[in-house]
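Inside the fold
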Amino acid sequence: MTFGEDSRDPGGLRLNPAELVPGLDTGPGGPAGRPSAPDNRSVPSHEMDIRIPADVSAALPSAAYFTGAVFWLVIGSLLGFLSSLKFNSPDLLSATPMLTFGRVRPAHLNAVVYGWVSLAGAGMTVWMVGRLCRTPVRWTALLFLSALLWNAGLAAGTWWLIDGQSRGLEWLEYPRPAAVLIAAAYVLFALSMFRTFSARAVKHIYVSLWYILASLTWFPVLYLVANTFSYSGVAQAAMNWWYAHNLLTVWVSPLGLAGAYYFIPKIIGRPVYSYSLGVLGFWTFALFYNWNGLHHLVGGPLPTWAVSLSIAASLLMFIPVIAVAVNHHMTAFRHLGMVKRSPVLRFVVFGAVSYTLVSVQGSLEATRAVQEIVHFTHYTVGHAHLGVYAFASMVLFGAMYYIVPRLLMREWPSPWLIEFHFWTAAVGVMLFVVSLTFGGWLQGMAMAEEGVPFLDSVAVTVPYLWVRSGGGALMTLGNLVFALHFTWILITSAREGIRPVPEIHAAAGGR
Amino acid sequence: MSFVRLVLFFLGVLAALLLGWWAIVGLPESMLAKVAAPSGLKPYTQEQAAGRETYIREGCVYCHSQQPRPEGFGADQSRFWGRPSIAADYVYDTPHLLGTMRSGPDLFNVSVRRPDSVWHYEHLHDPRHLVPGSIMPRFPWLFDEGTSAPAPEGRVLVAYLLSLDHTYPITPHDTVESSP
Ligand code: HEM
């Protein structure tokens, strides 16, 4: 019997006794893409002797990153919701400089991107690298320091933005000292991960690990380059959007893809559909995605050829996107019943489908004909949330629902709350994206129409922005419930202690 | 994975990132670096520069772009937002404020259509008082609480807004950057 088909364990949420010693494995596909036995209960006991120290090593650092992630998810969602309400009633809280739209909005973006997504991604990465390398995570002291610095950077940066000390570059608003803290935190994290990787006890490197390794190499270079060159004017704009788009290329998307590549086959208990598509998808992703940035400046004062390069690269993205889509969806759609039964899988598959949608949308959106209409509108904001929320965040939610019980050695207190989170998040983000897609399109049509007063382009969006706030309220609510649930399991673990592993090992009959 | 393949992997990954940088940042930059200010463009005065800081601090860029687009690409020209901007118009701008949202109108040449400082003061104090249906925030802290007279920060911001006029003539010399 495979792990996933266990009727008592609908897809990875519940722990069976042997699973309480979460094993190391070579990845869902196993060596050379063949299925490894996902059933931990058939694992011989000497194998367990390797697994125990490894798992203990990942538990606390991952939990530290996740705790920070959840904190920033709450702060970030509230800031986003407030930004949204200000479009509906501009005079809301408008006498306080600290709560003006132009400060709350960048604080929102930075908190959710560098806080929630990045920290949750780091926590997931620590755990997955240990598993995929079949070895204890090394240099964990660095990870604790990293989590500390990361959160300090976020706290300082958020405060400085609210206090009005933005650097004024989108996605790079945090003042230098906050950026330095975050960069240092990332480097410590990457060092520990590379050290673990170099001590790996596997020959085969699973697809998820390719994305992670690439990401660990890319991000420090990206961040360093963007923060050191002091260009001005149009060249600075080019650098700015190269950076901002590449943050998705080198960090947010690889996290989401690594997670989807890991959890879909893992929970279904089948290998990834095609190894060669995986290779094709990875390298075309690496090649084309890095050229996309200037599609944020179509029609602007940049050299036309440079913008055209980015548009062409955006269209070429169809290749990696289709490759990844086939790999993810062929595996999931053959086991739709499991997607229904497994909460973890539901989050991850929702994310993977959103990745396909947002990428196809993005490629089309980059063309000049579409940019002429939607470039400066709310359509873009809808696209952003389809990417960073419906894709990356949903995969990360799923990952945390799977990983946290295996860190703390206890199950989630309430499956019902997970169900609630899924539906609020899924319905919320769909309302958000659909309303802004239509509203933004109409806004763009009004703006591009000669003779139509500008204010008509404002007025036409009003009902859609209300629906967006409704969707945002659901997302925020779901995120708060998730945070409560996470706090609940943390507090129980702190009070009752994390069960010592050898004890569980014995309880599981040494299997 | 053998050691050699691993090295190739990391080199490939790094090359992909840097190649992208070179193509869409490095190469354009090396051309743009040669661009000089058009004769009609003046550097910011101290007051205008301070106002620009306020513009950044209050996040006007999240609703206002500063990049009119050419005829045939959107209706910017028919809205009299000014001639299409060129790279030379921005040589004094750091951080750049090109913007990506138009929840409000493009401001690159706002002082041409709104030359009156009093209008700007009233508008910043309460946009809906002048423009019903506007969703622009009000900025009461840029004014004295009792008298509603502009505080220094409000005054420099309006000085900056009034400097936003890039309708001076440009010569072909100013646009050399466009070909690789
Ligand atoms: C927690 C996960 C979330 C993530 C990762 C996220 C991400 C983002 C990103 C990337 C942007 C920039 C969009 C752009 O520049 O095109 C943004 C803007 C925004 N987000 Fe979120 N967001 C999240 C949740 C929310 C929620 C719950 C709301 C509530 C309504 C919200 C409301 C907004 C608003 C109003 C903006 C500004 C849009 C504008 O300037 O017109 N976000 N967010």
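Residues numbered from 1 in each chain as written. Chains lettered and ligands numbered in written order. Predicted model: local features only at pLDDT ≥ 70, side-chain atom pairs only at ≥ 80, totals over all residues. Heavy atoms only, no water.

Some words on the packing of aromatic side chains
Tallied over the full model, the rule gives 52 aromatic pairs over all chains. Ring centres of A:Tyr186 and A:Phe219 lie 4.4 Å apart, and the angle between their planes is 40 degrees; on these two criteria the pair is classed as tilted. You can see A:Tyr186 sitting in helix α4 (residues 176-198) and its partner A:Phe219 sitting in helix α5 (residues 207-228), a full 33 residues away along the chain. Of the residues examined, A:Tyr186 reaches a relative accessible area of 1% and is grouped as buried. Residue classification places A:Phe219 among the buried positions, given a relative accessible area of 3%. Linked through ring pairs, A:Phe194, A:Trp210, A:Tyr211, A:Tyr261, A:Tyr275, A:Phe282, A:Trp283, A:Phe285, A:Tyr289, B:Phe9 and B:Phe10 together constitute an aromatic cluster. In this structure, A:Arg200 packs its charged tip against the face of A:Phe197, placed 4.2 Å from the ring centre. Positioned above the aromatic ring of A:Phe376, the side-chain terminus of B:Arg102 is 3.9 Å from the ring centre. (Phe/Tyr/Trp six-rings, centres within 6.5 Å; stacked < 30°, edge-to-face > 60°. Helix = DSSP H or I, 4+ residues; strand = E, 2+ residues; numbered from the N terminus. Buried < 20%, exposed > 50% of the residue type's maximum accessible area, 1.4 Å probe, protein only. Lys NZ or Arg CZ within 6 Å of the ring centre and 35° of its normal.)

Comments concerning the packing of helix α7 (residues 275-289) of chain A against helix α9 (residues 318-333) of chain A
All names here are of chain A. In the contact formed by α7 and α9, the axes pass within 8 Å of each other and the chain directions differ by 150 degrees. It follows from the interaxial angle that α7 and α9 lie roughly antiparallel. Where α7 crosses over α9, the handedness of that crossing is left-handed. For the pair α7 and α9, the contacting residues are Leu277, Gly278, Leu280, Gly281, Thr284, Phe285 and Phe288 in the first and Ile319, Pro320, Ala323, Val326 and Asn327 in the second. Here the residues of the contact of α7 with α9 are counted per class, giving eight nonpolar, four polar and no charged. (Axes fitted to C-alpha atoms, helices over the stretch in contact; angles between N-to-C directions. Parallel < 35°, antiparallel > 145°, perpendicular 65-115°, else oblique. Left-handed = near helix turned anticlockwise from the far one by under 90°. Contact = heavy atoms within 4.5 Å. Nonpolar A, V, L, I, M, F, W, Y, C, P; charged D, E, K, R; others polar.)

Some points on the coordination of the iron atom of the ligand
All names here are of chain A. For the iron atom of the ligand, the full set of protein donor atoms is His108 (NE2) and His385 (NE2), and the range of their distances to it is 2.0 Å. In this structure, the iron atom of the ligand is surrounded by six donor atoms whose angles at the metal cover 86 to 179 degrees, and the resulting shape is octahedral. One end of the pair, His108, is in helix α2 (residues 101-133); the other, His385, is in helix α13 (residues 378-408), and 277 residues separate them in sequence. The exposure class of His108 is buried, given its relative accessible area of 17%. For His385, a relative accessible area of 18% corresponds to the buried category. (Donors = N, O, S within 2.8 Å, 3.2 Å for Na, K, Ca; no water. Tetrahedral: all angles 85-135°; square planar, octahedral: opposite > 155°, others 65-115°.)

Some remarks on the interface of chain A and chain B
Tallying the contact residues gives 87 residues for chain A and 73 residues for chain B. When chain A packs against chain B, the two sides together hide about 6,600 Å² of surface, and 69% of this comes from carbon and sulfur. Here chain A is connected to chain B by three salt bridges. With a shortest N-O distance of 3.0 Å, B:Glu58 and A:Arg103 are connected by a salt bridge. (Buried area = accessible area lost by both parts, 1.4 Å probe. Salt bridge = Lys/Arg side-chain N within 4 Å of Asp/Glu carboxyl O.)

Remarks on the state of the cysteines
Residues and elements named next belong to chain B. Using the criterion set out here, one finds zero disulfides over all chains in the structure. You can see Cys60 has no disulfide; the closest cysteine sulfur is in Cys63, sitting 8.6 Å from it. According to the relative accessible area criterion, Cys60 is buried, its value standing at 15%. (Disulfide = S-S within 2.5 Å.)

As for the site of the ligand
By nearness alone, 26 residues border the ligand, and A:Arg105, A:His108, A:His385, A:Val388 and A:Tyr389 come closest of all. Looking at the residues close to the ligand, they fall on chains A and B. Within the side chain of A:Arg105, a nitrogen or oxygen atom sits 2.3 Å from an oxygen atom of the ligand. Contacts to the ligand include A:His108, whose side-chain N or O atom sits 2.8 Å from a nitrogen atom. Along the lines of polarity and charge, the residues of the shell around the ligand split into 14 nonpolar, ten polar and two charged. (Near = heavy atom within 4 Å. Polar contact = N/O pair within 3.5 Å; in protein donor to acceptor, adjacent residues only side chain to side chain.)

Quick look at the pattern of salt bridges
Inspection of the entire model under this criterion finds twelve salt bridges over all chains. A salt bridge links A:Glu496 to A:Arg410; its shortest N-O distance comes to 3.2 Å. Here the residue A:Glu496 occupies a position in helix α16 (residues 462-496), and A:Arg410 occupies one in the loop between α13 and α14 (415-448), the gap between them amounting to 86 residues. A cluster of three or more residues bridged by salt bridges with shared partners is formed by A:Arg103, B:Arg57, B:Glu58 and B:Glu153.

Observations concerning the confidence of the model for chain A
Residue and element names in this part refer to chain A. With 87% of its residues at a pLDDT of 70 or more, chain A has an overall mean of 88. In this model, residues 1-11 is a region of pLDDT below 50 whose contacts with residues beyond four sequence positions or in other chains number 27 contacts. Note that pLDDT drops below 50 for residues 507-511; the model gives that stretch seven contacts with residues more than four away or on any other chain. (pLDDT = per-residue confidence, 0-100.)

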